[in-house]
Amino acid sequence: MANPNFGSRLGNHFWGIEMKKLLALTALAVVSVGGQAQTFPGSKPVSIVVPFTAGGPTDRVARDLAEAMRKQIPGSNFVVENAAGAGGTIGATKVAKAAPDGHSLLLFHIGMAATPALYRKIAYKPLEDFEFLGMVNDVPMTLIGKPQLPANTYRDFENYIRANAGKLNIAHAGLGSASHICGLLWQSNLQTKDAMTTIPFGGTAPAMTALIGGQVDVMCDQTTNTTQQIESGRVKAFAVTTAKPLAGHPVLKHYPSLQEMGLKGFNLTIWHGLYAPKGTPAAITKTLNDALKKALKDPEFIKKNEGLGALVVTDNRTDPAEHKKFVAAEMVKIKAAVDAAGKYAD
């Protein structure tokens, strides 16, 4: 006579085997994921996507940063990939939609905070679609004019603008460019948005050429692009956009800050930050943040930044949470200026 409990025992036996297999596979998966985080980035290169063309200021920062971070992670390979267009939104979208494995990063400047205001329809949300890894550097801005302007001091310059409302123009290197954002914020703070006609160009070089030639009157741009022109006397400088004068700068130490000239709270630099796709594992973002913090203390990286007129970030904005908090505040400030101007990229 058959044992009535045999089928039950047999079922339990096979169920036990299957459970052991499942537990073994689960343990293997956990070890595998942990191993990936521990060995990141492995043999696969880490791409730092620059949302602008090669050779520009942001591209140069990215290439110097890639080398500095490579030295912090033994066996790693950091490469720069240019994905230019649409004010930086093409490159940013590329990283936002990339696999969240730490191998696709984004280096973006102040445009990270400006694009949501300038482009009312973009394929990503800066504060929601990225893991913030930390700030990299700050690049001061300078307010400059064509050499033929009669003003020689900032106060004379400001009076000249008000006396010639509607007759002057201000150049920038394209929608979303550093010079565009700087010009917007300056005019908004000065409350002279209708005093000058905005003239966009297809890059910094043609805008600067037009300023030197006297075809345009005013421009606000990074020290990386203006210092040499100021030193040679090809353009006139009136002020810097940092909270305090650049006392240590060999050329710009002679010019006041806009804040001390009466624009209370005005403090604008073209900062750069590093980002990963949302969902990148915490172990990987920590590895990247640790490497970034060490890279920012690399004497060679600091020296290269100084050569660009940039200041390596040393404050708490190198921490992801503070980085994100800073960008959120910048977004509010820039949106107010863009909305007041009423000019959008789309």
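Just so it is clear, the model here is predicted, and its values are computed rather than measured. (Residues numbered from 1 in each chain as written. Predicted model: local features only at pLDDT ≥ 70, side-chain atom pairs only at ≥ 80, totals over all residues. Heavy atoms only, no water.)

Engineer: Account for the sheet that holds strand E4 (residues 130-138), with residues named and values stated.
Structural biologist: The strand order across the open sheet formed by 6 strands is E2-E1-E3-E10-E4-E11, and the pairing between neighbours is mixed. Both edges of this open sheet fall to strand E2 (78-82) and strand E11 (311-312), since each of them pairs with a single strand only. Alignment of strand E1 (residues 46-50) against E2, held across 5 bridges, turns out to be parallel. Residue pairing in the sheet places Val50 in a bridge with Asn82 of E2. In this fold helix H3 (residues 89-96) packs onto E1, E2, strand E3 (104-108), E4 and strand E10 (272-277), with an angle of close to 150° to the strand it touches most, E3. Strands E4 and E10 of the sheet are contacted by helix H11 (residues 320-341), whose axis makes an angle of about 80° with E4. (Pairing = 2+ DSSP bridges. Helix = DSSP H or I, 4+ residues; strand = E, 2+ residues; numbered from the N terminus. Contact = heavy atoms within 4.5 Å. Axes fitted to C-alpha atoms, helices over the stretch in contact; angles between N-to-C directions.)

Engineer: Quick rundown of unusual backbone geometry? Include the residues and the values.
Structural biologist: Note: most residues except glycine have negative phi, and most peptide bonds are trans. Here Phe40 and Pro41 are connected by a cis peptide whose omega angle stands at 5°. Relative to the assigned elements, Pro41 resides in the loop between helix H1 (6-39) and E1.

Engineer: Before we move on, could you go through the layout of surface pockets and cite the residues and values that matter?
Structural biologist: Here the largest pocket is characterised by a volume of approximately 490 Å³. Surrounding the largest pocket, 27 residues form its lining, Phe52, Thr53, Ala173, Ser177 and Thr204 being those nearest its centre. Looking at the lining of the largest pocket, the elements that each hand over two or more residues are helix H2 (57-70), helix H6 (178-190) and strand E8 (218-222). Broken down by element, the residue count for the lining of the largest pocket peaks at 3 residues, all from H2. Looking at the lining of the largest pocket residue by residue, the class counts come to 9 nonpolar, 16 polar and 2 charged. Of the pockets and cavities examined, the second largest pocket occupies roughly 310 Å³. Contributing to the lining of the second largest pocket are 21 residues, with Leu184, Gln187, Thr198, Ala341 and Lys343 lying nearest its centre. Elements that contribute at least two residues to the lining of the second largest pocket include exactly strand E6 (168-172), H6, strand E7 (196-200) and H11. Among the elements that make up the lining of the second largest pocket, the one with the highest residue count is H6 (6 residues). When grouped by side-chain class, the residues that make up the lining of the second largest pocket number 10 nonpolar, 8 polar and 3 charged. (1 Å grid on protein atoms, 1.4 Å probe; cavity = no way out; pocket = protein on both sides within 12 Å on 5 of 7 lines; lining within 4 Å. Points joined across faces, edges and corners; volume = space filled by probe spheres on them. Nonpolar A, V, L, I, M, F, W, Y, C, P; charged D, E, K, R; others polar.)

Engineer: Pulling in residues and values, what's your account of the sheet that holds E8?
Structural biologist: Across the sheet, which stays open at both edges, the 5 strands sit in the order E7-E6-E8-E5-E9 with mixed pairing between neighbours. At either margin of the open sheet sits one strand with a lone partner, and together these are E7 and strand E9 (236-240). Sheet twist, expressed as the average angle between the axes of neighbouring strands with direction ignored, equals 30°. One ladder, built from 5 bridges, connects E6 with E7; its direction is parallel. Bridge pairing links Ile170 to Thr198 in E7. Sheet strands touched by helix H7 (residues 204-212): strand E5 (141-145), E6 and E8. Its angle to E8, the strand with the most contacts, is close to 140°.

Engineer: An account of the state of the cysteines is requested, with residue identities and associated values reported.
Structural biologist: Here a disulfide denotes a covalent bond joining the sulfur atom of one cysteine to the sulfur atom of another. Overall, the coordinates contain 1 disulfide when judged by the stated rule. One disulfide bridge connects Cys182 with Cys220, the sulfur atoms lying 1.8 Å from each other. Taken together, the residues Cys182 in helix H6 and Cys220 in strand E8 connect sequence positions 38 residues apart. In this structure Cys182 comes out as buried when scored by relative accessible area, which is 0%. (Disulfide = S-S within 2.5 Å. Buried < 20%, exposed > 50% of the residue type's maximum accessible area, 1.4 Å probe, protein only.)

Engineer: Report on helix H5 (residues 154-163), specifying residues and quantitative values.
Structural biologist: Those residues of H5 that sit buried are Tyr154, Phe157, Glu158 and Ile161. Angular distribution of buried residues about the axis of H5 spans 95°; they occupy a single face of the element. Elements in contact with the buried residues of H5: E5, E6, H6, E7, E8 and E9. (Arc of directions from axis to C-beta.)

Engineer: Can you tell me about empty space enclosed by the protein, naming the residues and giving the values?
Structural biologist: Inspection of every chain in the model, using the stated rule, returns 1 cavity of 30 Å³ or more. Quantified by volume, the largest cavity comes out at close to 30 Å³. Around the largest cavity, the lining residues are Asp64, Glu67, Ala68, Lys71, Asp298, Glu300, Phe301 and Lys304. Those elements that place two or more of their residues in the lining of the largest cavity are H2 and helix H10 (299-307). Class assignment for the residues of the lining of the largest cavity results in 2 nonpolar, no polar and 6 charged.

Engineer: Describe in detail the pairing of E8, supporting the description with residues and values.
Structural biologist: The element E8 is extensively covered by neighbouring structure, given that 5 of its 5 residues are classed as buried. Judged from the 5 bridges that link them, E5 and E8 form a sheet pairing that is antiparallel. Among the inter-strand pairings, Thr142 is bridged to a residue of E8, identified as Asp221. In this sheet, E8 lies alongside E6 in parallel orientation, the contact comprising 2 bridges. Directly across from Ile170, in E8, lies its bridge partner Val218.

Engineer: Could you give me a rundown of the packing of aromatic side chains, with the residues and numbers involved?
Structural biologist: Any aromatic ring pair is given by two values, namely how distant the centres are and how the planes are angled relative to each other. Counted by the stated rule, this structure contains 8 aromatic pairs. The structure contains a cluster of three or more aromatic residues connected by ring pairs, namely Tyr124, Phe130, Phe132 and Tyr275. Directly above the ring of Phe326 sits Arg317, whose terminal nitrogen or CZ lies 4.9 Å from the centroid. (Phe/Tyr/Trp six-rings, centres within 6.5 Å; stacked < 30°, edge-to-face > 60°. Lys NZ or Arg CZ within 6 Å of the ring centre and 35° of its normal.)

Geometric values such as these leave the question of function open.
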